[in-house]
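Notes for the structure review
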Amino acid sequence: MSMQHSLQNIYQRKLAVSAAFIVIFSLLLSKFSYPDLAYFAGVNHMYFFVIVAISIYGIWASLLSDMFASIISDRTRIPEVYLAALLHIVAGLVFGLGTLAIAFSFFLLDRFFMKYINVSWSVAVISFGIVVLIFALNFTNYFPS
């Protein structure tokens, strides 16, 4: 498999994983992060922060972690999965311990997708597009005038 083809597969998977992660993370942790708000108001607030963080930093940090892990693994005897996990942890530590947990859970979800789910471009673009569409439709809720 060529390097360009494998990068396309990785990027497709990262888009689909990020869409799933944004929704799952927002639904599961909004009540812990915003206990004083109603559940869906908390989900709405959490969704805003998670989509911004994952789309600006998370996808790219994860993509680079996997690429560097693959390159280093080819030159050493260290298995790629261990290097990728370590690089995801390092990328998560950039912003503190909370993001460390987020980065590692993103890594675990990515490995689940890698093993069990075959992601095509249409699935990746549609799933991430739905997440962005929900964000765009709720944009006035994030910044009321």
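To keep things clear, this report deals only with the structure shown in the data block. For clarity, every value in this text was computed on a predicted model and none was experimentally measured. (Residues numbered from 1 in each chain as written. Predicted model: local features only at pLDDT ≥ 70, side-chain atom pairs only at ≥ 80, totals over all residues. Heavy atoms only, no water.)

**What to know about helix 3 (residues 80–93)**
Since the α-helix advances by 3.6 residues per turn, residues separated by three or four positions end up pointing in the same direction. With 14 residues, helix 3 ought to run about 20 Å at 1.5 Å a step, and its terminal C-alpha atoms sit 20 Å apart, in line with that. Among all positions of helix 3, only Leu-83, Ala-84, Ala-85, His-88, Ala-91 and Gly-92 are buried. (Helix = DSSP H or I, 4+ residues; strand = E, 2+ residues; numbered from the N terminus. Expected span 1.5 Å × (residues − 1). Buried < 20%, exposed > 50% of the residue type's maximum accessible area, 1.4 Å probe, protein only.)

**Some thoughts on a nonpolar patch on the surface**
Together, Val-23, Leu-27, Tyr-39 and Phe-40 line one region of the surface with nonpolar side chains, adding up to about 370 Å² of accessible area. Within the residue set of the nonpolar patch, elements represented by two or more residues are helix 1 (3–33) and helix 2 (39–75). With respect to the element layout, Tyr-39 can be found in helix 2. (Patch = residues over 30% accessible without salt bridge, like charges linked within 9 Å, V, L, I, M, F, W, Y side chains within 5 Å. Areas by Shrake-Rupley, 256 points an atom, 1.4 Å probe, with all protein chains shown as cover. Salt bridge = Lys/Arg side-chain N within 4 Å of Asp/Glu carboxyl O.)

**Structural notes on the packing of aromatic side chains**
A full pass over the atoms with the stated rule returns nine aromatic pairs. Considering the side-chain rings of Phe-21 and Phe-25, the 5.3 Å spacing of their centres and the 20° angle between planes classify their relative orientation as stacked. Residue Phe-21 and its partner Phe-25 are located together in helix 1, separated by four residues, close to a single helical turn. Note on Phe-21: relative accessible area 5%, which makes it buried. The interplanar angle of 15° and the centroid separation of 5.8 Å between the aromatic rings of Phe-48 and Phe-135 together place this pair among those described as stacked. In this pair, Phe-48 is assigned in helix 2 and Phe-135 in helix 5 (residues 121–137), connecting sequence segments 87 residues apart. Comparing Phe-48 with Phe-135, the two get one shared label, buried. Within the aromatic cluster, the residues linked to one another by ring pairs are Tyr-11, Trp-60 and Trp-121. (Phe/Tyr/Trp six-rings, centres within 6.5 Å; stacked < 30°, edge-to-face > 60°.)

**Topic: the pattern of salt bridges**
The full count for this structure, using the stated rule, is five salt bridges. A cluster of three or more residues bridged by salt bridges with shared partners is formed by Arg-13, Lys-14, Asp-66, Asp-110 and Arg-111.

**Concerning the layout of surface pockets**
Taken as a whole, the largest pocket encloses approximately 380 Å³ of empty space. Taken together, 20 residues form the lining of the largest pocket, with Ala-53, Ile-54, Tyr-57, Thr-99 and Ile-102 sitting closest to its centre. For the lining of the largest pocket, the secondary structure elements donating two or more residues are helix 1, helix 2, helix 3 and helix 4 (97–116). When its residues are assigned to classes, the lining of the largest pocket shows 14 nonpolar, six polar and no charged. (1 Å grid on protein atoms, 1.4 Å probe; cavity = no way out; pocket = protein on both sides within 12 Å on 5 of 7 lines; lining within 4 Å. Points joined across faces, edges and corners; volume = space filled by probe spheres on them. Nonpolar A, V, L, I, M, F, W, Y, C, P; charged D, E, K, R; others polar.)

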